[in-house]
Amino acid sequence: MTRALMIQGTGSNVGKSLLVAGLCRAALRRGLSVAPFKPQNMSNNAAVTRDGGEIGRAQALQALAAGREPVCDMNPVLLKPETDRRAQVVVQGQARATLPAAGYGAMKGTLLPAVLESFQRLSRDADLIVVEGAGSPAEVNLRARDIANMGFARAAGVPVILAGDIDRGGVIAQLVGTAEILDPADRAMIRGFLVNRFRGDPRLFDDGYSLVAERTGWQGYGVLPWFAGAARLPAEDSLDLAPGGLQGTFRIVCPALSRIANFDDLDPLKLEPSIRLDIVPPGRALPGDADLVLLPGTKSTRGDLAFLRAQGWDIDIQAHVRRGGAVLGICGGYQMLGRQVADPDGIDGEPGVSEGLGLLDVETVMAPEKRLARMEARDDLTGQRLSGYEIHAGRTEGPDRMRPFVRPGGRDEGARSADGRIAGTYLHGLFAADGFRRAWLAQRGLTSGLSYGGEVERVLNDLADHMEAHLNVDGILGVAETVA
């Protein structure tokens with residue numbers, strides 16, 4: 001019989017995703033068949049599964065921690081914001097609708113059957129499922145149609161451990177306040193609490209820890225110190241994007257677009273000692289001494305083209321090119337590099353045509369069909385094995401497509417300018433392949449000894465060790481109860 005437990009948080013970004021990843025790795029090392037699950041996620045940083053669907057990037061990392069292949073059932077509802085008030089709704093891996101916030105609020109109550117269906121399918125071949133909540137159960141104004149926290153926990157009969165983040169301050173109020181505001185039946189689902197991200201000597205919080213236990217009646221499972229290695233793991237939220245090393249000789253600059261998406265391309269680069277990776281926030285000019293400007297993916301190409309111009313980054317990029325600098329665009333960034341982006345049907349926002357940056361002789365037309373595919377092949381141009389994935393709407397054509405960025409298995413992909421300094425590709429994840437990344441760096445006079453996959457595995461093991469040392473992991477896993 002499958003058992004399950006759920007980690008909920010006192011708020012967003014309290015470290016739930018990392019806690020679930022660490023518990024998955026700890027359970028795997030105990031010989032358990034374990035799987036992660038998140039009923040509802042909101043992220044534009046998605047992973048493509050082998051069966052042609054998409055899930056949140058955090059669930060893909062958790063699957064890696066669990067020693068499993070990511071599948072759509074690990075994250076049955078994924079919200080991908082396109083504007084501040086509208087998001088694409090992905091259900092069991094496939095785009096279902098694009099709705100304003102009020103529209104999704106009405107739709108959300110109909111999605112619980114799909115969430116439970118995915119949970120039940122996932123439970124068929126797992127000893128343990130570790131579930132991650134979203135936001136906070138204290139958002140009781142959203143409880144009526146909730147599928148992400150107590151709505152799911154109650155429907156599936158999954159016990160909860162509540163995590164608070166002491167680094168942001170007020171953790172006692174976070175935990176005790178949540179206990180006070182919850183409906184008694186929801187509160188009864190909580191079996192205990194833990195405190196995350198403590199800096200300094202955890203013993204200094206002994207009195208506060210005891211106070212939380214006394215006021216709530218919950219079992220405490222420990223105080224977890226800040227885990228510095230988290231910065232070396234793939235980030236799900238663009239707010240968590242960390243710059244690379246400051247000592248690197250090759251400077252890559254990436255503008256933080258308003259709808260930046262699938263920015264996992266940056267994760268291997270930021271770990272390379274020879275690279276200095278700068279994430280440039282809105283309102284700041286792109287540094288003039290960059291070797292490469294990397295335009296990342298975006299959930300709204302035309303919207304982010306306008307955003308880019310509003311920051312003056314288009315002027316910075318043109319000046320960079322005039323100085324002899326290189327530019328690489330990935331997915332939406334690739335589309336921006338062309339002459340224009342046309343969206344006659346309003347796939348990417350309002351219908352219309354936007355002028356591109358004009359650095360590649362290509363044009364893009366948005367289309368209703370969304371391309372979701374994973375790929376593993378040998379690149380004919382570098383001779384290296386590469387792996388990647390496509391996740392985009394739109395088709396790009398033009399003369400510069402005659403000079404592809406890569407040729408996986410003989411297929412032309414992407415485009416390059418005649419002098420090779422400007423390039424674009426739809427393939428995400430290329431730099432995670434050690435051989436391809438090393439060949440790409442070698443073309444720029446750089447060497448690499450990094451095993452990216454090996455480094456992620458090392459950090460996941462370090463995370464599990466860290467949690468074992470400071471939390472009652474056996475007690476947490478023991479909270480899990482059998483589910484139907």
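About the thresholds
Residues numbered from 1 in each chain as written. Predicted model: local features only at pLDDT ≥ 70, side-chain atom pairs only at ≥ 80, totals over all residues. Heavy atoms only, no water. Helix = DSSP H or I, 4+ residues; strand = E, 2+ residues; numbered from the N terminus. Rg over C-alpha atoms; globule rule 2.2 N^0.38 Å. Contact = heavy atoms within 4.5 Å. Areas by Shrake-Rupley, 256 points an atom, 1.4 Å probe, with all protein chains shown as cover. Lys, Arg positive; Asp, Glu negative; His and termini not counted. Charge placed at Lys NZ, Arg CZ, Asp CG, Glu CD. Salt bridge = Lys/Arg side-chain N within 4 Å of Asp/Glu carboxyl O. Buried < 20%, exposed > 50% of the residue type's maximum accessible area, 1.4 Å probe, protein only. Core = buried A, V, L, I, M, F, W, Y, C linked by side-chain atoms within 4.5 Å. Pairing = 2+ DSSP bridges. Axes fitted to C-alpha atoms, helices over the stretch in contact; angles between N-to-C directions. Phe/Tyr/Trp six-rings, centres within 6.5 Å; stacked < 30°, edge-to-face > 60°. Parallel < 35°, antiparallel > 145°, perpendicular 65-115°, else oblique. Nonpolar A, V, L, I, M, F, W, Y, C, P; charged D, E, K, R; others polar.

Turning our eyes to something else, we now look at the overall build of the protein chain. The helix and strand inventory of the protein chain stands at 15 helices and 25 strands. A compact globule built from 484 residues should have a C-alpha radius of gyration of about 23 Å, and the protein chain, at 23 Å, falls within 12% of that. A principal-axis box enclosing the C-alpha atoms of the protein chain has dimensions of 70 × 45 × 40 Å. When contacts within the protein chain are restricted to residue pairs at least 6 apart in sequence, long-range pairs at least 24 apart make up 73% of them. Approximately 18,700 Å² of the protein chain is accessible, and the part contributed by carbon and sulfur atoms is 50%. Between the centroid of the 54 positive side chains of the protein chain and the centroid of its 59 negative side chains there is a distance of 1 Å.

Okay, the pattern of salt bridges next. Counting across every chain of the model gives 43 salt bridges. Lys38 is the partner of Glu132 in a salt bridge, and the nearest nitrogen-oxygen pair spans 2.9 Å. Residue Glu132 is located in strand S9 (residues 128-132), and its partner Lys38 is located in the loop between strand S2 (34-37) and strand S3 (40-42); the two are separated by 94 residues in the primary sequence. Using a relative accessible area of 1% as the deciding quantity, one classes Glu132 as buried. On the basis of relative accessibility, which here comes to 6%, the residue Lys38 falls in the buried class. The partner of Glu397 in a salt bridge is Arg395, and the shortest N-O contact between them spans 3.0 Å. Judged by relative accessible area, which is 34%, Glu397 ranks as partly exposed. Residue Arg395 is classed as exposed on the basis of its relative accessible area of 58%. The network of salt bridges with shared partners includes Arg50, Glu69, Arg374 and Glu376.

Counting residues in each nonpolar core, the largest one holds 55 residues, and the members touching the most others are Ile252, Ile317, Leu328 and Trp440. Each residue touching Ile252, except ones within four places of it in the same chain, is listed here: Leu269, Ile275, Arg276, Leu277, Asp278, Leu292, Leu294 and Trp440. If you look at the next biggest cluster of nonpolar residues, it comprises 46 residues, including Phe37, Val89, Val115 and Leu116.

Reading across the sheet, the six strands line up as S15-S13-S16-S18-S24-S23 and stay open at both edges, with mixed pairing between neighbours. Whereas interior strands pair on both sides, the edge strands pair on one side only; in this sheet they are strand S15 (275-280) and strand S23 (415-416).

So, on to the sheet that holds strand S19 (residues 340-343). Read from one edge of the open sheet, four strands run S20-S19-S21-S22, paired in mixed fashion. Bordering the open sheet on either side are strand S20 (352-355) and strand S22 (385-397), each of which pairs with just one other strand. This sheet shows a mean twist of 30° between the axes of neighbouring strands, independent of strand direction. Bridging between S19 and strand S21 (residues 363-378) involves three bridges; their strand directions are parallel. Looking at S21, one finds that Gln340 is bridged to Glu363. Helix H10 (residues 301-310) contacts S19, S20 and S21 of the sheet and is inclined by roughly 40° relative to S20.

The residue Gln8 is located in strand S1 (residues 3-9) in this model. Once residues lying within four places of it in the same chain are set aside, the contact partners of Gln8 are Lys16, Gly133, Pro137, Asn149, Met150, Ala153, Val160, Ile161, Leu162 and Ala163.

Okay, the environment of Phe263 next. Take Phe263: it is sitting in the loop between strand S14 (260-261) and helix H9 (266-270). Judged by its relative accessible area of 2%, Phe263 is buried. A sequence separation of 29 residues divides Phe263 from Pro234, and the C-alpha atoms of the two residues are 9.2 Å apart.

Quick look at the packing of aromatic side chains now. Aromatic rings in a pair are described by how distant their centres are and how their planes are angled relative to each other. Within this structure, the stated rule accounts for ten aromatic pairs. Seen in terms of ring centroids, Phe37 and Phe152 are 5.4 Å apart; in terms of plane orientation they differ by 35°. Their pairing is tilted. Separated by 115 residues along the polypeptide, Phe37 in strand S2 and Phe152 in helix H5 (residues 150-156) bring together distant segments of the chain. By the burial criterion, Phe37 is buried, and Phe152 matches it. On the basis of an interplanar angle of 70° and a centroid distance of 6.4 Å, the ring pair of Phe405 and Phe436 is categorised as edge-to-face. One end of the pair, Phe405, is in the loop between S22 and S23; the other, Phe436, is in helix H13 (residues 434-442), and 31 residues separate them in sequence.

We now examine H10. For H10, the set of buried residues is Thr301, Arg302, Asp304, Leu305, Phe307 and Leu308. Following H10 by one or two positions, Gly312 has its phi on the positive side, about 80°.

Turning next to the pairing of strand S6 (residues 77-83). With six of seven residues buried, S6 is to be regarded as a mostly interior element. Taken together, the six bridges between S6 and strand S7 (residues 86-91) define a ladder with antiparallel strand orientation. The residue of S7 that forms the bridge with Leu79 is Val89. Between S6 and S7, which follow one another and run antiparallel, lie two residues.

Our next topic: the packing of helix H6 (residues 171-181) against helix H8 (residues 206-216). Across the interface, H6 lies against H8 with an axial gap of 10 Å and an inter-helix angle of 5°. Comparing their axes, H8 and H6 come out roughly parallel. For the pair formed by H6 and H8, the contact residues are Ile172, Leu175, Val176 and Ala179 on the first element and Gly208, Leu211, Val212, Arg215 and Thr216 on the second. In terms of residue class, the contact of H6 with H8 is built from six nonpolar, two polar and one charged.

In this section: the packing of helix H2 (residues 57-65) against helix H14 (residues 452-470). At their nearest, the axes of H2 and H14 sit 10 Å apart, and the two run at 80° to each other. By the criterion of interaxial angle, the relationship of H2 to H14 is roughly perpendicular. On H14, the residues that touch Leu61, Leu64 and Ala65 of H2 are Val456, Glu457 and Leu460. In terms of residue class, the contact of H2 with H14 is made up of five nonpolar, no polar and one charged.

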